[in-house]
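# Coordinate analysis (summary)
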Amino acid sequence: KALLGVVALLCGNGYIVGINQIYDVDIDKVNKPFLPIAAGEMSPGVAWICILALAVAGTGITMANFGPLISGLYAFGLL
């Protein structure tokens with residue numbers, strides 16, 4: 001279960017970082033031009049798909065393995 005928890009947390013982190021990269025793309029083009037969206041290696045549309053997939057995967061892992069309280073807290077953290 002611990003490994004599944006780590007995977008769920010990594011999905012949540014990927015979701016948060018992805019949101020940040022989409023909304024801060026203009027800043028990242030100056031400060032972190034190597035990031036995928038800022039570098040033009042990934043379109044915002046593809047990034048949104050990846051972000052949604054990470055959110056669904058992380059939420060699914062918590063719902064299947066950690067009960068309603070942890071799942072609810074995880075989902076609340078994605079808001």
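This write-up is about the structure you can find in this document. Per chain, the residues get numbers from 1 upward, laid out in the order the sequence is written. Local features in a predicted model are, by the rule used here, given only for residues with pLDDT of at least 70; side-chain atom pairs are given and counted only at 80 or more, and totals for whole chains, interfaces and linings are based on all residues. With hydrogens and water excluded, all non-hydrogen atoms of the structure serve as input to the side-chain values.

### Concerning the nonpolar core
What is meant by a nonpolar core is a set of buried Ala, Val, Leu, Ile, Met, Phe, Trp, Tyr and Cys residues, joined one to another through side-chain atoms within 4.5 Å. Relative accessibility under 20% of the residue-type maximum defines a buried residue, over 50% an exposed one, and the middle range a partly exposed one, all with a 1.4 Å probe and only protein chains included. Core analysis: the largest hydrophobic core is formed by 12 residues, namely A8, C11, Y15, I22, V25, I37, A47, I51, A55, I61, Y74 and L78. To qualify as a helix, a DSSP run of H or I must reach at least 4 residues; to qualify as a strand, a run of E must reach at least 2; elements of each kind are numbered from the N terminus. Of all the elements in the fold, those that place two or more residues in this core are α1 (2–23) and α3 (44–65). Setting aside anything within four residues of it in sequence, one finds V25 in contact with I37 and A38. When checking whether two residues touch, look at their non-hydrogen atoms; a contact exists if any pair is within 4.5 Å.

### Notes on the packing of α1 against α3
Helix axes are fitted only over the stretch in contact, all axes being lines through C-alpha atoms; the angle between N-to-C directions runs from 0 to 180 degrees. Between α1 and α3, the least distance of the axes is 8 Å, while the angle of their chain directions is 155°. By the criterion of interaxial angle, the relationship of α1 to α3 is roughly antiparallel. Where α1 crosses over α3, the handedness of that crossing is left-handed. When α1 is examined against α3, the residues L4, V7, A8, C11, G14, Y15, G18, I19, I22 and Y23 are found in contact with a partner set consisting of P44, A47, W48, I51, L54, A55, A57, G58, I61, T62 and N65. In these notes the angle categories are as follows: under 35 degrees is roughly parallel, over 145 is roughly antiparallel, 65 to 115 is roughly perpendicular, and the rest is oblique. By convention the crossing between two helices is left-handed if the near helix lies anticlockwise of the far one by an angle smaller than a right angle, and right-handed if it lies clockwise.

### What to know about the packing of aromatic side chains
Between two aromatic rings, the relevant description is the distance of the centres plus the angle of the planes. Between the rings of Phe, Tyr and Trp (Trp by its six-membered ring), a pair exists once the centres lie within 6.5 Å; its type follows the angle of the planes, with under 30 degrees stacked, over 60 edge-to-face, and the other angles tilted. Using the criterion set out here, one finds 1 aromatic pair in the structure. Relative to W48, the ring of Y23 has its centre 6.2 Å away and its plane inclined at 85°; by these criteria the two rings are edge-to-face. Of this pair, Y23 sits in helix α1 while W48 sits in helix α3, placing them 25 residues apart in sequence. Note on Y23: relative accessible area 59%, which makes it exposed.

### Section: the packing of α3 against helix α4 (residues 67–77)
Running from N to C, α3 and α4 cross one another at 165°; their axes reach a closest spacing of 7 Å. Taken together, the axes of α3 and α4 are roughly antiparallel relative to one another. Seen from above, α3 lies across α4 with right-handed handedness. Note on element contacts: α4 touches α3 through G67, S71 and Y74, opposite G58, T59, T62, M63 and N65. Note on residue classes: Ala, Val, Leu, Ile, Met, Phe, Trp, Tyr, Cys and Pro are nonpolar, Asp, Glu, Lys and Arg are charged, and everything else, Gly too, is polar. Taken together, the residues that form the contact of α3 with α4 break down as 2 nonpolar, 6 polar and no charged.

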